[in-house]
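The lines below spell out each chain.
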Amino acid sequence: MKKSVKLFCLALVVLLLSSIVVKGVDTSWGSVDVKTASTISPNGYRMSYKTYIPKSATPTDPAPAIVYMVGGGASLDESSMLAIEASRRGYIVIVTDVPGNGQSEPIINSKGGLSGSGDVVPVNSMGEGLNYTAASLEIVKSLTVTDQSQLVFAGHSMGGYYTSIMSQKYADEITACLILGTFGFSGNVEEPTDFNYALILGEGDESSLYRTTNFRTLSEAVQSPGMKALFGVAEHEEIEIGKLYGNYADQTARVVYTPNTMHMLEPDSSTVAKLFLKELMASTTAPNNIGASSLVFWIKDVAMLVAFLDFALLLFALVQMLLDTKVFAGLVLDRETRYIGYQPKSKAWYAATVALTVICGCLYIIGYQYYSNFPVVSKLGNAGGKSLWSVATAILLLIYMLVFHFTQGKKNQATAGDYGLATKDGKGFDFKYILKSILFAFTVFAIVYSIFVFYATYTGCNIHVVWFNNELALLEPTKVRYKFIPILLFMYAFIFMNAMAQKTISGHENNVKKEVIFTNLVGTLVMLLMFAAFVFALLVPHICLFAKNRGCFGAETLLGVSVGFWMINMSCYYLNKKTKSIWPGTITAAVLMTWMCIFATGMNF
């Protein structure tokens, strides 16, 4: 208990230090007021937004303002790079969660319910997204410290789509429209375009490449008829990358950049940041004269990564502490455990290791490709991709376990207890043990989530690790109501079967730490290799793999899933070993994974 308490306290200290750095960078160490708030849209939905207001902006010395709409599946802190860098240069910034993302409420039909016409709409409401963009501009305009003559629209991906369209509605009021990662110009060139325009589209932008011929002709986005009309380029000519068309003074400037980056990394690329700031400061007057190359946003990224990894350490210490309490000490069974798997490092052992890794890795992409074809998981938005993956993987793991049992398990006289299904010291089944395991799981979640609430309240930020496509965020009530239970059940199917399958290749070591590291490596190996292949294809030959049926978006989240494995397995595998039963560990992991899946990257509407 003393060691566990010391480890837990150490994790809290690290979390506190990282939170101080996160808040410090986000607020430019107190020179920018940063606040998160919400309002109700005309249609009755909660719109979440975050404002960055430099203290240097006053009614007598107003500052230019930027309306930034985040991409689909992201939340407010996806904007950290541009919001931090613009606000420290004196710009007012408002960042808004698009409908159903982050803390903005998902769009639901009026009847409510979990079936029929009352389902959560699993696609975004374009009309509501445009309303949110207009509402965000009105909030900025209502500030007495805003320079009404220098208003800028900006956004990434779906947010860029919204701001491109709305820029034409407010063409007389805005100075520039600066877009990241959208497929060409989303507006109608026959409508007013009296504003400077810049498109920054990565060469390996998977969101655009998957829409093109053979998933690799990015020129279809850059050289589209709409873009040529906007740039004033003849149909038989091509837009030159990086060339300035028009001029900033009369708001006819047009430019497109294609840096060598991916869609998922555009909001966190220093190259993109420099290009964005260059165009921003060319279109407006920057209150603070800081060069585009001076960047500090990455410090917050590092601090959030430390916080994310620290939660894994905190979780590991917490489950040890709870097992040493009188309430949960009974979860530790007093029974003999033995390894019933394949002979370590034998041909069968290696074959099983590779098979399990391939099953977990490959099916993740397939789950994203086809989840919309299934009536239940399709109602969960892109969380349905994770859910279908979980169920499909669980079925294959069940087949694997049946084959193992009848070819290997019987030879070793394996019992239910040997597979981790024990609930008593001896024989029989005790349902009270399952109930106590559920109580344990939600106790762990309640403590971890409470700590996160304090972190989020103090910093005003989620833990958004762009590199890993992973996020810890506050629970949005409507999404919890409609999604938490079904996702929990789907997640548990995989976690339960995976815990049993692990016993066929691990458990032969007496060193628990060594086994935790080994099982994590097994669970993430192929995912990392597939992610690396996906990234290489995007950044070198600029080909989007798995593009058919949007499986590419499953590929881009593989790194996030593998990182999530490390966080969850720290507690799950330890609990399985310590309690000599898979129930406490699998239920705890399922609850935590559900929290992460609701907010992890992908459309969350």
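Being a predicted model, the structure only gives us computed values, none of them experimental.

The rules we used
- Residues numbered from 1 in each chain as written.
- Predicted model: local features only at pLDDT ≥ 70, side-chain atom pairs only at ≥ 80, totals over all residues.
- Heavy atoms only, no water.
- Helix = DSSP H or I, 4+ residues; strand = E, 2+ residues; numbered from the N terminus.
- Buried < 20%, exposed > 50% of the residue type's maximum accessible area, 1.4 Å probe, protein only.
- Salt bridge = Lys/Arg side-chain N within 4 Å of Asp/Glu carboxyl O.
- Pairing = 2+ DSSP bridges.
- Core = buried A, V, L, I, M, F, W, Y, C linked by side-chain atoms within 4.5 Å.
- Contact = heavy atoms within 4.5 Å.
- Right-handed = clockwise from strand over helix to strand, strands pointing away.
- Expected span 1.5 Å × (residues − 1).
- pLDDT = per-residue confidence, 0-100.
- Polar contact = N/O pair within 3.5 Å; in protein donor to acceptor, adjacent residues only side chain to side chain.
- Axes fitted to C-alpha atoms, helices over the stretch in contact; angles between N-to-C directions.

Once that is clear, we can look at unusual backbone geometry. Negative phi is the rule for most residues except glycine; trans is the rule for most peptide bonds. Even without glycine at this site, Ser157 takes up a positive phi of about 55°. By the secondary structure assignment, Ser157 is in the loop between strand S5 (146-156) and helix H4 (158-169). In this structure, Gln251 takes a positive phi of about 60° despite not being glycine. Inspection of the secondary structure assignment puts Gln251 in the loop between helix H7 (225-231) and strand S8 (254-257).

This next bit is on the side chain of Gln223. Tracing the chain through its elements places Gln223 in the loop between helix H6 (219-222) and H7. In this structure Gln223 comes out as buried when scored by relative accessible area, which is 16%.

Enumeration over the complete set of coordinates arrives at 12 salt bridges. Residues Lys50 and Asp77 are paired through a salt bridge, measuring 3.3 Å at the closest nitrogen-oxygen approach. With Lys50 in strand S2 (residues 46-54) and Asp77 in the loop between strand S3 (63-69) and helix H2 (80-88), the pair connects residues that are 27 residues apart, well separated along the chain. Across the pair, exposure class does not vary: Lys50 and Asp77 are buried alike. A salt bridge links Lys300 to Asp77, with the shortest nitrogen-to-oxygen separation between them at 2.9 Å. A residue pair is termed long-range when its members are at least 10 positions apart, and Lys300 in helix H9 (residues 297-323) and Asp77 in the loop between S3 and H2 qualify at 223 residues.

Bringing the pairing of S2 into the picture now. Here S2 lies mainly inside the structure; 7 of its 9 residues are buried. Sheet topology note: the strand S1 (residues 32-40)/S2 ladder contains 9 bridges and is antiparallel. Residue pairing in the sheet places Val32 in a bridge with Pro54 of S2. Linkage of S1 to S2, two consecutive antiparallel strands, is achieved through a turn of 5 residues, within which Gly44 is found at a positive phi near 90°.

This paragraph deals with the nonpolar core. If you look at the biggest cluster of nonpolar residues, it comprises 156 residues, and the most contacted ones within it are Tyr197, Phe231, Phe440, Phe452 and Ile463. Per-element accounting of this core gives the leading share, 15 residues, to H9. The contacts of Phe440, once residues within four sequence positions are left out, are Val319, Leu322, Leu323, Phe328, Leu331, Leu575 and Thr588. One finds Ala74, Leu180, Tyr257 and Phe297 within the second-largest nonpolar core, a separate group that totals 34 residues.

Attention now goes to the pairing of S5. For S5, the buried fraction is high: 9 of the 11 residues fall into the buried class. Sheet topology note: the S3/S5 ladder contains 6 bridges and is parallel. By the bridge assignment, Ala65 is partnered in S5 with Leu151. With respect to chirality, the unit in which S5 leads through H4 into the neighbouring parallel strand S6 (residues 174-180) is right-handed.

What follows concerns helix H3 (residues 126-141). Taking 1.5 Å per residue, 16 residues should reach 22 Å; H3 reaches 23 Å between its end C-alpha atoms and fits that length. Those residues of H3 that sit buried are Glu128, Gly129, Tyr132, Thr133, Ala134, Ser136, Leu137, Ile139 and Val140. Considering only its buried residues, H3 is in contact with S2, S3, strand S4 (92-96), S5 and H4.

Right, let's talk about the confidence of the model for the chain for a bit. Per-residue confidence for the chain averages 88 on the pLDDT scale, and 93% of its residues sit at or above 70. Note that pLDDT drops below 50 for residues 110-118; the model gives that stretch 11 contacts with residues more than four away or on any other chain. Of the regions scoring below 50 in pLDDT, residues 601-605 engages in 34 contacts with residues more than four places distant in sequence or in other chains.

Right, let's get into helix H12 (residues 431-459). Helical geometry: 3.6 residues make up each α-helical turn, so side chains three or four residues apart lie on a common side. Its 29 residues give H12 an end-to-end C-alpha distance of 42 Å, which sits within 8% of 42 Å, the value for a rise of 1.5 Å per residue. The backbone nitrogen of Lys432 lies 3.0 Å from a side-chain oxygen of the residue at the head of H12, namely Asp430. Just downstream of H12, Gly460 is the residue with a positive phi angle, here 75°.

Moving on, we come to the sheet that holds S6. Taken in spatial order, the 8 strands of this open sheet run S1-S2-S4-S3-S5-S6-S7-S8, and their pairing is mixed. Edge strands, defined here as strands with exactly one partner in the open sheet, are S1 and S8. Strand-to-strand, the axes of this sheet are offset by a mean angle of 15°, without reference to chain direction. Judged from the 4 bridges that link them, strand S7 (residues 196-200) and S8 form a sheet pairing that is parallel. In the sheet register, Tyr197 faces S8, and the bridge partner there is Arg254. Sheet contacts for helix H8 (residues 270-283): S3, S5, S6, S7 and S8; angle to S6, the most-contacted strand, approximately 170°.

This next bit is on the side chain of Thr193. For Thr193, the position within the fold is in the loop between S6 and S7. On the basis of relative accessibility, which here comes to 17%, the residue Thr193 falls in the buried class. Sequence-distant contacts of Thr193, defined by excluding residues within four places in its chain, comprise Gln168, Leu230, Gln251 and Arg254.

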